[in-house]
Amino acid sequence: MIYKLTFSCEEGDPNFRRVFEADADATFLELHEAILKSVGYPDDQMTSFFMCNDEWEKEQEVTLVEMDSNFEYDNMVMNETKLSDLMSEQGQRLIYVFDPMFERYFFGSLKEIKAGAMNGVECIESKGKAPKQLKSEDPLAGIKGGKGNDDFDFGDEFKDEYDLGDLDMEGFQDLSFDDGTMF
């Protein structure tokens with residue numbers, strides 16, 4: 001069987017779309033590599049796939065490397081998992097996490113299943129420009145070390161959402177990143 005999979009993204013170029021044809025026996029690793037090649041991203045992130053329900057809620061994860069599994073789903077690894085192991089119905093949804101730090105991903109769908117065979121995975125349509133793989137924002141930017149609440153700068157967004165006076169600093173005063181005892 002040959003699967004036709006379409007991926008899009010909600011950020012950046014509204015015309016962004018990648019369409020792949022894949023042998024049902026191809027692995028998720030082969031799909032991962034084809035996606036990276038089609039968008040020009042380096043293979044240096046801990047990417048993963050998630051099978052999703054009709055509301056795009058994450059279900060089974062397929063990771064790049066073996067990880068501790070959660071209790072609900074088995075640990076599945078890209079190079080050991082065939083597309084046909086998890087996909088068998090037209091319309092099935094999946095997401096491909098390309099930026100794990102900021103939970104950014106491509107939305108995918110199994111658009112068509114047709115008779116035939118091929119080798120691996122091939123990008124058959126490439127439209128629009130892919131978003132940058134990694135956001136340039138530093139998640140720790142603006143945080144300064146200190147002993148009291150007033151020494152931390154969490155930015156205006158955090159201050160608007162939370163009252164810094166509500167933070168319980170007990171237990172944090174013993175933390176020190178200077179003496180190397182944390183790690």
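Everything numeric in this text was worked out from a predicted model, so none of it was measured.

Quick notes on the rules
Residues numbered from 1 in each chain as written. Predicted model: local features only at pLDDT ≥ 70, side-chain atom pairs only at ≥ 80, totals over all residues. Heavy atoms only, no water. Helix = DSSP H or I, 4+ residues; strand = E, 2+ residues; numbered from the N terminus. Contact = heavy atoms within 4.5 Å. Areas by Shrake-Rupley, 256 points an atom, 1.4 Å probe, with all protein chains shown as cover. Buried < 20%, exposed > 50% of the residue type's maximum accessible area, 1.4 Å probe, protein only. Polar contact = N/O pair within 3.5 Å; in protein donor to acceptor, adjacent residues only side chain to side chain. Expected span 1.5 Å × (residues − 1). pLDDT = per-residue confidence, 0-100. Core = buried A, V, L, I, M, F, W, Y, C linked by side-chain atoms within 4.5 Å. Pairing = 2+ DSSP bridges. Axes fitted to C-alpha atoms, helices over the stretch in contact; angles between N-to-C directions. Patch = residues over 30% accessible without salt bridge, like charges linked within 9 Å, V, L, I, M, F, W, Y side chains within 5 Å. Salt bridge = Lys/Arg side-chain N within 4 Å of Asp/Glu carboxyl O. Phe/Tyr/Trp six-rings, centres within 6.5 Å; stacked < 30°, edge-to-face > 60°. Lys NZ or Arg CZ within 6 Å of the ring centre and 35° of its normal.

### As for the overall build of the protein chain
Part 1 of the argument: When its secondary structure is counted, the protein chain shows 3 helices and 8 strands.
Part 2 of the argument: The N-to-C order of helical and strand elements in the protein chain reads β-β-α-β-β-β-α-β-β-β-α.
Part 3 of the argument: For the protein chain, the proportion of contacts with a sequence separation of at least 24, taken over those separated by at least 6, is 60%.
Part 4 of the argument: For the protein chain, the exposed area adds up to about 11,900 Å²; of that, 46% sits on carbon and sulfur atoms.

### Topic: the side chain of Thr-47
Part 1 of the argument: Relative to the elements of secondary structure, Thr-47 occurs in the loop between α1 (28-39) and β3 (48-52).
Part 2 of the argument: Note on Thr-47: relative accessible area 3%, which makes it buried.
Part 3 of the argument: Within the structure, the side chain of Thr-47 is placed 3.2 Å from the side chain of His-32, a separation counted as a polar contact.
Part 4 of the argument: Every residue in contact with Thr-47, bar those within four places of it in the chain, is listed here: His-32, Thr-63, Leu-64, Met-78, Tyr-96, Val-97 and Phe-98.

### Notes on α1
Part 1 of the argument: Under the 1.5 Å per step criterion, the end-to-end length of α1 is 17 Å for 12 residues, consistent within 8% with the ideal 16 Å.
Part 2 of the argument: Looking at α1, one finds that the buried residues are Phe-28, Leu-31, His-32, Ala-34, Ile-35, Leu-36, Ser-38 and Val-39.
Part 3 of the argument: After α1 finishes, the residue Gly-40 shows a positive phi value of roughly 75°.

### Overview of the confidence of the model for the protein chain
Part 1 of the argument: A residue-level look at the protein chain finds 70% of positions with pLDDT of 70 or above and a mean pLDDT of 82.
Part 2 of the argument: Of the regions scoring below 50 in pLDDT, residues 140-152 engages in 16 contacts with residues more than four places distant in sequence or in other chains.

### Quick look at the nonpolar core
Part 1 of the argument: By size, the foremost hydrophobic cluster in this structure holds 32 residues, and its most contacted members are Leu-5, Phe-7, Phe-28, Leu-31, Phe-49, Met-87 and Phe-106.
Part 2 of the argument: Of all the secondary structure elements, the ones that give two or more residues to this core are β1 (2-8), β2 (17-23), α1, β3, α2 (83-86), β6 (93-99) and β7 (104-114).
Part 3 of the argument: The greatest single-element share of this core, amounting to 6 residues, is contributed by α1.
Part 4 of the argument: Each residue touching Phe-28, except ones within four places of it in the same chain, is listed here: Phe-49, Met-51, Val-62, Met-78, Thr-81, Lys-82, Leu-83, Leu-86, Met-87 and Leu-94.
Part 5 of the argument: By size, the runner-up hydrophobic cluster in this structure holds 5 residues, among which are Cys-52, Ile-95, Val-97 and Phe-107.

### So, the sheet that holds strand β5 (residues 76-77)
Part 1 of the argument: Taken in spatial order, the 8 strands make up an open sheet running β5-β4-β3-β6-β7-β1-β2-β8, and their pairing is mixed. The sheet is open, and its two borders are formed by β5 and β8 (121-127), each paired with just one other strand.
Part 2 of the argument: Pairing between β1 and β7: 7 bridges, direction antiparallel. Among the inter-strand pairings, Tyr-3 is bridged to a residue of β7, identified as Ile-113.
Part 3 of the argument: On the sheet, α1 packs against β1, β2, β3, β4 (58-63), β6, β7 and β8 and is oriented at approximately 150° with respect to β2.

### Comments concerning a nonpolar patch on the surface
Part 1 of the argument: A cluster of nonpolar side chains, Met-46, Val-65 and Met-67, forms an exposed patch at the surface whose accessible area comes to about 260 Å².
Part 2 of the argument: Mapped onto the secondary structure, Val-65 falls in the loop between β4 and β5.

### Topic: the packing of aromatic side chains
Part 1 of the argument: Summed over the entire model, instances satisfying the criterion amount to 10 aromatic pairs.
Part 2 of the argument: The interplanar angle of 75° and the centroid separation of 5.9 Å between the aromatic rings of Phe-7 and Phe-20 together place this pair among those described as edge-to-face. Pair noted here: Phe-7 is in strand β1 and Phe-20 is in strand β2, with a separation of 13 residues, a long-range link. Exposure class is identical for Phe-7 and Phe-20. Each is buried.
Part 3 of the argument: Taken together, a centroid distance of 4.4 Å and an interplanar angle of 25° make the contact between Phe-98 and Phe-106 stacked.
Part 4 of the argument: Connected via pairs of aromatic rings, a cluster forms that spans Phe-16, Phe-28, Tyr-41, Phe-49, Tyr-96, Phe-98 and Phe-106.
Part 5 of the argument: Its guanidinium or amino end placed over the ring of Phe-50, Lys-58 lies 4.6 Å from that ring's centre, counting from NZ or CZ.

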